[in-house]
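So the chains spell out like this:
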Amino acid sequence: SSPLSVGHLLGVDHCIHFRCCMNGSGHLLEDFRQPAHMCPVDLRKLQLLTGADLTKRYHVLLDFYQREGMSEEAGWVQSRLKLIEEKTKSR
């Protein structure tokens with residue numbers, strides 16, 4: 001998949017911790033079953049490698065998913081943003 005290839009280009013190996021877009025796949029059917037998002041472990045790796053602002057990343061993804069009518073994905077991103085907001089308030 002494209003996210004897997006980009007992850008590899010950035011130095012992120014196959015995920016063994018959770019189901020995420022960085023899991024290896026042996027065939028196309030496995031590839032299509034993979035989630036579209038990175039797990040917390042691989043997302044942290046991406047953040048460390050690129051300096052990405054995860055809140056900004058999630059807002060950009062949310063805008064895209066809403067614009068394209070991808071309600072399930074948009075809901076998932078909204079739940080991540082809510083968790084970040086809650087953790088930020090509790091500090």
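Residues numbered from 1 in each chain as written. Predicted model: local features only at pLDDT ≥ 70, side-chain atom pairs only at ≥ 80, totals over all residues. Heavy atoms only, no water.

**Notes on the overall build of the chain**
Test applied: Counting from the N terminus, the helices are the DSSP runs of H or I reaching at least four residues and the strands are the DSSP runs of E reaching at least two. Using a 1.4 Å probe on the protein chains alone, a residue whose accessible area is under 20% of its type maximum counts as buried, one over 50% counts as exposed, and one in between counts as partly exposed. Every residue pair with non-hydrogen atoms within 4.5 Å of one another is taken to be in contact.
Of regular secondary structure, the chain possesses 5 helices and 0 strands. Listed N to C, the secondary structure of the chain is α-α-α-α-α in terms of helices and strands. In terms of principal-axis extent, the alpha carbons of the chain reach across some 40 × 30 × 20 Å. When burial is assessed residue by residue, the chain has 26% of its 91 residues classed as buried. Long-range contacts, defined as pairs at least 24 residues apart, comprise 24% of the intrachain contacts of the chain with a sequence gap of at least 6.

**Observations concerning the packing of aromatic side chains**
Note on aromatic pairs: each is described by the distance of the centres and the angle between the planes. Note the cut-off: Two rings from Phe, Tyr or Trp (for Trp, the six-membered ring) form a pair when their centres sit within 6.5 Å of each other. Planes less than 30 degrees apart are called stacked, planes more than 60 degrees apart edge-to-face, and all others tilted. Placement of a charge over a ring requires the Lys NZ or Arg CZ to be within 6 Å of the ring centre, with the centre-to-atom vector within 35 degrees of the ring normal.
Applying the stated criterion across every chain, the model contains 2 aromatic pairs. Summarising the aromatic geometry, the rings of Tyr 58 and Trp 76 are spaced 6.3 Å apart at their centres and angled 70° between planes, so their arrangement reads as edge-to-face. Here Tyr 58, found in helix H4 (residues 54–67), pairs with Trp 76, found in helix H5 (residues 71–89); they are 18 residues apart in sequence, far enough to count as distant. Residue placement shows Arg 80 over the ring face of Trp 76; its charged tip is 4.7 Å from the ring centre.

**Describing the nonpolar core**
Cut-off, in case you're wondering: We call a set of buried Ala, Val, Leu, Ile, Met, Phe, Trp, Tyr and Cys residues a nonpolar core when their side-chain atoms join them within 4.5 Å.
With 18 residues, the main nonpolar core has Met 22, Met 38, Leu 43, Tyr 58 and Val 77 as its most contacted residues. Elements with a contribution of two residues or more to this core: helix H3 (40–50), H4 and H5. Beyond its immediate stretch of four places on either side in the chain, Tyr 58 contacts Leu 43, Trp 76, Val 77, Arg 80, Leu 81 and Ile 84.

**Regarding the side chain of His 37**
Within the element layout of this structure, His 37 appears in the loop between helix H2 (28–33) and H3. On the basis of relative accessible area, His 37 is assigned to the buried category, the value being 10%.

**Observations regarding H4**
What sets the pattern is the α-helix's 3.6 residues per turn: residues three or four places apart point alike. Quick reminder of the rule: How far a helix is expected to stretch is found by multiplying one less than its residue total by 1.5 Å. What the arc describes is the spread of directions from the helix axis to the C-beta atoms.
The terminal C-alpha atoms of H4 lie 20 Å apart, and with 14 residues this matches the ideal 20 Å at 1.5 Å per residue to within 8%. Every buried residue of H4 is accounted for by Leu 54, Tyr 58, Leu 61, Leu 62 and Tyr 65. Buried residues of H4, seen end-on, are gathered within an arc of 105° and therefore sit on one face of the element. Pointing more than 90 degrees away from the buried face of H4 are the exposed residues Lys 56, Val 60 and Arg 67. In the segment just after H4, Gly 69 is the residue with positive phi, at about 70°.

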